[in-house]
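# Observations on chain architecture
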Amino acid sequence: MATNAQSFYELYRRSSIGMALTDTLDDLISERRIEPQLAMKILVNFDRCITEVLADKVKARLTFKGHLDTYRFCDEVWTFLIKDVIFKMENSSATITADKVKIVSCNSKRPGEGP
């Protein structure tokens, strides 16, 4: 996590865009084009930016149905594994299906951050 005054979850580093960024940074480090410290600063900035953009810009809503396979709550993080999922976008009749979906949900305030 970031060590500055406000830190952000690193959840999105495991998304496709986060993995692409991490792979690119690893390549740049191995080619000695950037220092590892710069790569860490870039990742911390990515954590902040993606969290803020998703909170501010994404307004679409969806609903989903499926069969809850597993759930857990650990260190203020909920994890749900859902099977046979059907997604429906708001204002659309189209549906998307998936065999399995993993949902990770964190409180918007980190533990100890105040009200």
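Let me sum up the structure you'll find in this document. All values derive from a computational prediction rather than experimental measurement.

## Things to note about the overall build of the chain
Helix and strand counts for the chain stand at two helices and three strands. Reading the helices (α) and strands (β) of the chain from amino to carboxyl end gives α-α-β-β-β. For the chain, the residues scored as buried account for 16% of the 115 residues in total. Pairs at least 24 residues apart make up 42% of the contacts formed inside the chain by residues separated by at least 6 positions.

## Structural notes on the pattern of salt bridges
All chains considered together, the criterion is met by five salt bridges. Arg33 is the salt-bridge partner of Glu31, the closest N and O atoms lying 3.4 Å from each other. For Glu31, a relative accessible area of 47% puts it in the partly exposed group. On the accessibility criterion, Arg33 (61% relative accessible area) is exposed.

## Section: the packing of aromatic side chains
Aromatic ring pairs are described here by two measures, namely the spacing of the ring centres and the angle between the planes. Across all of its chains, the model carries four aromatic pairs by this definition. Ring plane angle 45° and centroid distance 5.9 Å describe the contact between Phe64 and Phe87, whose orientation is recorded as tilted. Linking Phe64 in strand 1 (residues 62-74) with Phe87 in strand 2 (residues 77-89), this pair joins segments that are 23 residues apart in sequence. By relative accessible area, Phe87 is classed as partly exposed at 21%. Through pairs of rings, three or more aromatic residues link up here, namely Tyr71, Phe73, Trp78 and Phe80.

## Describing helix 2 (residues 36-57)
Given a rise of 1.5 Å per residue, 22 residues ought to cover 32 Å, and the 31 Å separating the end C-alpha atoms of helix 2 matches this to within 8%. Residues of helix 2 that are buried in the fold lie against helix 1 (16-30).

## Section: a nonpolar patch on the surface
A surface patch of nonpolar side chains, about 360 Å² in accessible area, is lined by Leu11, Tyr12, Leu54, Val58 and Val104. Structurally, Tyr12 can be placed in the segment before helix 1. Owing to a relative accessible area of 31%, Tyr12 belongs among the partly exposed residues under this scheme.

## Some thoughts on the packing of helix 1 against helix 2
Running from N to C, helix 1 and helix 2 cross one another at 165°; their axes reach a closest spacing of 10 Å. If you check the angle between helix 1 and helix 2, you find them roughly antiparallel. When you trace helix 1 past helix 2, the crossing you get is right-handed. Contacts between helix 1 and helix 2 pair Ile17, Gly18, Leu21, Thr22, Leu25 and Ile29 from the former with Pro36, Ala39, Ile42, Leu43, Phe46 and Ile50 from the latter.

## Observations regarding the side chain of Arg13
By secondary structure assignment, the location of Arg13 is in the segment before helix 1. Accessibility expressed as a relative area gives 13% for Arg13, which makes it buried.

## Some words on helix 1
For helix 1, with 15 residues, the first-to-last C-alpha span of 21 Å sits near the 21 Å given by 1.5 Å per residue. Immediately beyond the C-terminal end of helix 1, within one or two residues, lies Arg32, with a positive phi of roughly 60°.

Rules used throughout
Residues numbered from 1 in each chain as written. Predicted model: local features only at pLDDT ≥ 70, side-chain atom pairs only at ≥ 80, totals over all residues. Heavy atoms only, no water. Helix = DSSP H or I, 4+ residues; strand = E, 2+ residues; numbered from the N terminus. Buried < 20%, exposed > 50% of the residue type's maximum accessible area, 1.4 Å probe, protein only. Contact = heavy atoms within 4.5 Å. Salt bridge = Lys/Arg side-chain N within 4 Å of Asp/Glu carboxyl O. Phe/Tyr/Trp six-rings, centres within 6.5 Å; stacked < 30°, edge-to-face > 60°. Expected span 1.5 Å × (residues − 1). Patch = residues over 30% accessible without salt bridge, like charges linked within 9 Å, V, L, I, M, F, W, Y side chains within 5 Å. Areas by Shrake-Rupley, 256 points an atom, 1.4 Å probe, with all protein chains shown as cover. Axes fitted to C-alpha atoms, helices over the stretch in contact; angles between N-to-C directions. Parallel < 35°, antiparallel > 145°, perpendicular 65-115°, else oblique. Left-handed = near helix turned anticlockwise from the far one by under 90°.

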